[in-house]
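Spelled out, the chains give:
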Amino acid sequence: MKPWRIGIAVLIALAIIGAVAFALTWRPEISAVAKDDQPDMDRALASQGYALAQLGNCASCHTAKDGEPYAGGLAMPTPFGTIRSTNITPDRDTGIGTWSEEAFARAMRKGIDREGGYLYPAFPYNHFTKANDDDIHALYAFLRSVPAVDHEVAANDLTFPFNIRPLIAGWNLLFLDEEKLEPVSDQSEQWNHGRYLVEGLTHCGACHTPRNIMGAEKSSERYQGAMIDSWYAPPLSGDAARNWNAKQLGNYLATGFNQDHGAAAGPMAETAVNLSQAPPSDVEAIAVYTASLSDDKNQSMTPIDNQEVDVSANTQNLWVGSCAKCHENSAEVGPSNALPLSISGAVRQSSSANAVRTIVNGIDAYRDMGGAYMPGFVDILSDDEIAELAQYIRHRYSNEAEWSELDDVISKARSSAKGKE
Amino acid sequence: MSVKIEVNGTVHDIDGDPSMPLLYALRENIGLRGAKFGCGLGQCGACTVHVDGRAVFSCITPIAALEGRAVTTTEGLLEDGKPNKLQQAFIDEQAAQCGYCIAGMVMRAQHLLNQNPDPTDEEILAGMQTNLCRCGTHAAIIRAVKRAARA
C-alpha cells in the first residue's frame, strides 16, 4: 500500500478512536439554577442533612486549614500530585450555588460535576454512590443552608497524564460500582444500617483500605489498614482488629476515646469530633457493623509490660521526667485520659507513625468536648530523644520487633508539626 | 549527680536527679519563682517557659533534655531590670487577679508574638489556648496581648 494511503488510514482510525472516546466520556451539562429559582429552606430537612454531613465527614476535606467551613482549598498530597478540595458552599461564582439537586446527586453518585466534567476519586463518590435518595436530598438541603463563601480554589497540581480529567472515565469503568446495597436478611436492621453507612457515606474504607497503583481501594484487602496523611489507619477486619468489640467502638467513635484502647488521633480525631455530633443510633450501627468485620472473641488488649528494658540512663530519665507520670500506671487511665501504654495499640502497630506523631503533636482535638488531651513534645525533645523513647516503649510495651525507619518518620512528623504554625 | 543547664544566659550546676522537671530546678535550685506548679502534668500552662525560644511546659521537661539548650524564664524577659513591652502591657491592663497563671501566660504570649508579630484576634485566642486561668482574667490577658502587639 502506498505510504500516503497508510497515512490516511491511520488518521481515519485515530479519528474513529477519538470519536468513540469522546462519545464514551462526554457527559452533558446540567443547566445552572437561576438565582430566583432556589427552593425555600426546609429547616428540618437541612437538620437531617447536617447529621449526615457529620457522618460523611464532609467538612474535614472541604475546609482548608484556617479556612471557612465547606469553602474548599484543602491541599491533599496524593501519588499523582496535589489535589485541592472544592468549594461546596452555595456561592454562585466559586461554589455550587448554581447546582440543582440533580447535579448534586450526579456528583455524589457518579463523580461528574454540573458542567459534565469528571471529578477525581480523591472525592470518594465510589462510596457516596451507595447513599439513598432521601439522604442525598437532605444533604443537598444542608449544603444550601451553609453560608456562601466567595473562595476561588487554586488549581490542582497533578502530574501528566493525571491532569487529563476525561481519563477518569476509564477509572470509573474499572472501579465505580453504582449498585446499591441490598440488606442482608439474616442480619439485624442495625447491622444493615451500619453497613449502609460504613460502605457509603462514612466511607471508612477510603482511609482504612490499601489502594492499588491506580489509586483505587483494593477489593481483596478491604479494611486491612493503610497510610493516610502520614498517619496509619489500622485494620478494621481480620486478626489485627479482633481486640475491639462493638461497645468499645461505639464509645471510641462518639467520644474519640475508649479506656481499653486509647484516643483517636490525627485524621481520626477530626472524624470522631464530627461523629460526636451525629445521631448516637447511627454511630452505634457503625460500631456494630465494623465490629462484625472481625470476630471479636477478645474483648480487650492483653497488657504487656516487659519492665526491665536495656536502655540508656538518659532515656530512662526522659521517660521518668516526661512520660511516666501519666502513662506508666497500668491499673487505670491517667490524667486527661492518658492511656496506660501497657495496652496501647499504637505501640504494637507495624508502623511507628501513630506513636511518633502522638508524641510530637500531643492530642488537642477534643478541647471543646472535654475529652482526651496530651501536650506535644516537639519543642521539648530532640529527634534522637524521641527515637530513643519510641524504641523504649516499643520494647517495654510490646513483643514486636524494633521499629525501622524511625528517623524518617520522626523528621517528617516534626516538619509537618512546624508547618501547622 | 550534677547537670549543667543554661538559664537566662547563665549556666547553673544543678545537683540532683536528671529526671527532675526543669520547673523544680528553676524554683528550688536556682530560685527563679516566676514559673508556677499548677498541675505537674503539662495540662495548665502555669509552668510555661522558653527552651531555645519555644514555649514548653517546664513540669514535663526533665533537665536531662536540656544539655546545650537555652532556657528563658519571665525573669529573663526583663530589659535592664525593667518589664519588657509585653510585661508592661500586662501591667498596664492590670491583667492579674491572683497572679498564679500570669508568668506562664506572659511566656506563652511572648512565644506567640515572636512567631507572629501581628496576630489577628482569632490567632491570639488560639495561641493562648494551652494556658488556663482559674480567676477569669482572660479578657484582660487578651487585651494585654493585643496591646503589646498593636501599640
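The structure displayed is predicted, hence computed values, not measured ones.

Draft legend 1. Examining the overall build of chain B more closely. Each helix and strand counted, chain B has five helices and five strands in total. Reading chain B from its N end, one meets helices and strands in the order β-β-α-β-β-β-α-α-α-α. Computed over its C-alpha atoms, the radius of gyration of chain B comes to 15 Å, within 12% of the 15 Å expected for a compact globule of 151 residues. Principal-axis analysis of the C-alpha atoms gives chain B an extent of 45 × 30 × 25 Å. In the structure as shown, chain B presents an accessible area of about 6,900 Å², 50% of it carried by carbon and sulfur atoms.

Draft legend 2. Focus on the nonpolar core. Of all hydrophobic cores here, the largest spans 119 residues; its most connected members are Trp319 of chain A together with Ile5, Leu22 and Ile63 of chain B. Discounting chain neighbours no more than four positions away, the residues touching Ile5 of chain B are Thr10, Val11, His12, Ile14, Leu22, Ala25, Ile30, Ile63 and Leu66 of chain B. Listed in part, the 23 residues of the second largest apolar core include Ile102, Leu112, Cys133 and Ile142 of chain B.

Draft legend 3. Geometry of the sheet that holds strand β1 (residues 75-78) of chain A. All names here are of chain A. The strand order β1-β2-β3 describes an open sheet built from three strands, whose pairing is antiparallel. For this open sheet the edge positions go to β1 and β3 (157-158), each flanked by a neighbour on one side alone. In terms of strand pairing, β1 meets strand β2 (residues 81-84) through four bridges, oriented antiparallel. Opposite Pro77, over in β2, you have Thr82 as the bridge partner.

Draft legend 4. Fine view of the layout of surface pockets. All names here are of chain A. Counted as a void, the second largest pocket has a volume near 490 Å³. Lining the second largest pocket are 20 residues, and of these Asn126, Lys130, Asp177, Glu217 and Arg222 sit closest to its centre. Elements with a contribution of two residues or more to the lining of the second largest pocket: α5 (125-128), α7 (168-175) and α8 (189-199). For the lining of the second largest pocket, the residue count by class is six nonpolar, five polar and nine charged.

Draft legend 5. How the structure looks around the side chain of Asn354 of chain A. All names here are of chain A. Along the polypeptide, Asn354 turns up in helix α15 (residues 353-361). With relative accessibility at 11%, the residue Asn354 sits in the buried group. A distance of 3.0 Å separates a polar atom in the side chain of Asn354 from a polar atom in the side chain of Gln349. Setting aside its immediate chain neighbours within four residues, Asn354 contacts Trp231, Tyr232, Ala346 and Gln349.

Draft legend 6. Spatial organisation of unusual backbone geometry. Residues and elements named next belong to chain A. Cis rather than trans, the peptide bond between Phe160 and Pro161 has omega equal to 0°. Locating Pro161 in the fold gives a position in the loop between β3 and α7. In this model, Tyr70 sits at a positive phi of 70°, which is unusual for a non-glycine residue. If you trace the backbone, Tyr70 turns up in the loop between α3 (58-62) and β1. Taking the relative accessible area as the measure of exposure, Tyr70 reaches 7% and is therefore buried.

Draft legend 7. Representation of the confidence of the model for chain B within the structure. Mean pLDDT over chain B works out to 96, with 100% of the residues at or above the 70 mark. Reported confidence for the predicted complex is 0.94 by ipTM and 0.91 by pTM.

Draft legend 8. Fine view of helix α2 (residues 85-92) of chain B. Residues and elements named next belong to chain B. Listed in full, the buried residues belonging to α2 are Leu86, Gln87, Ala89 and Phe90. Down the axis of α2, the buried set is contained in an arc of 155°. They therefore lie on one face. In the core, the buried residues of α2 are packed alongside α3 (102-115) and α5 (138-150). With a side-chain oxygen lying 3.0 Å from the backbone nitrogen of Leu86, the N-terminal cap of α2 falls on Asn84. With its phi angle positive at about 50°, Gln94 sits one or two positions after the end of α2.

Draft legend 9. Spatial organisation of the pattern of salt bridges. This model, assessed by the stated rule, comprises 23 salt bridges over all chains. Here Asp239 of chain A makes a salt bridge to Arg242 of chain A, at a shortest N to O gap of 3.4 Å. For Asp239 of chain A, a relative accessible area of 60% puts it in the exposed group. Notably, a salt bridge pairs Lys146 of chain B with Asp121 of chain B, separated by 3.4 Å at the nearest N-O pair. One end of the pair, Lys146 of chain B, is in helix α5; the other, Asp121 of chain B, is in helix α4 (residues 121-128), with 25 residues separating them in the sequence. Lys146 of chain B sits in the partly exposed class, given a relative accessible area of 25%. Look at Asp121 of chain B and you get partly exposed, because its relative accessible area is 34%. Salt bridges sharing common partners tie together Asp92, Glu93, Arg143 and Arg147 of chain B.

Draft legend 10. Empty space enclosed by the protein, seen in detail. Residues and elements named next belong to chain A. In total, this model carries one cavity of 30 Å³ or more according to the counting rule given. In this structure, the largest cavity encloses a volume near 40 Å³. Taken together, Ile88, Thr89, Pro90, Ile96, Gly97, Trp99, Tyr140, Leu143 and Arg144 make up the lining of the largest cavity. When its residues are assigned to classes, the lining of the largest cavity shows six nonpolar, two polar and one charged.

Draft legend 11. Region of the structure containing the pairing of strand β4 (residues 54-57) of chain B. Residues and elements named next belong to chain B. Burial along β4 is two-sided: Arg54 and Val56 facing one way and Ala55 and Phe57 facing the other are all buried. With four bridges joining them, strand β3 (residues 48-51) and β4 adopt antiparallel strand pairing. Each bridged residue has a counterpart across the sheet, and for Val51 the counterpart in β4 is Arg54. In textbook terms, the turn of a hairpin is the stretch between consecutive antiparallel strands, and for β3 and β4 this stretch comprises two residues, one of which, Asp52, has a positive phi near 50°.

Cut-offs used in this document
- Residues numbered from 1 in each chain as written.
- Chains lettered and ligands numbered in written order.
- Predicted model: local features only at pLDDT ≥ 70, side-chain atom pairs only at ≥ 80, totals over all residues.
- Heavy atoms only, no water.
- Helix = DSSP H or I, 4+ residues; strand = E, 2+ residues; numbered from the N terminus.
- Rg over C-alpha atoms; globule rule 2.2 N^0.38 Å.
- Areas by Shrake-Rupley, 256 points an atom, 1.4 Å probe, with all protein chains shown as cover.
- Core = buried A, V, L, I, M, F, W, Y, C linked by side-chain atoms within 4.5 Å.
- Buried < 20%, exposed > 50% of the residue type's maximum accessible area, 1.4 Å probe, protein only.
- Contact = heavy atoms within 4.5 Å.
- Pairing = 2+ DSSP bridges.
- 1 Å grid on protein atoms, 1.4 Å probe; cavity = no way out; pocket = protein on both sides within 12 Å on 5 of 7 lines; lining within 4 Å.
- Points joined across faces, edges and corners; volume = space filled by probe spheres on them.
- Nonpolar A, V, L, I, M, F, W, Y, C, P; charged D, E, K, R; others polar.
- Polar contact = N/O pair within 3.5 Å; in protein donor to acceptor, adjacent residues only side chain to side chain.
- pLDDT = per-residue confidence, 0-100.
- Arc of directions from axis to C-beta.
- Salt bridge = Lys/Arg side-chain N within 4 Å of Asp/Glu carboxyl O.

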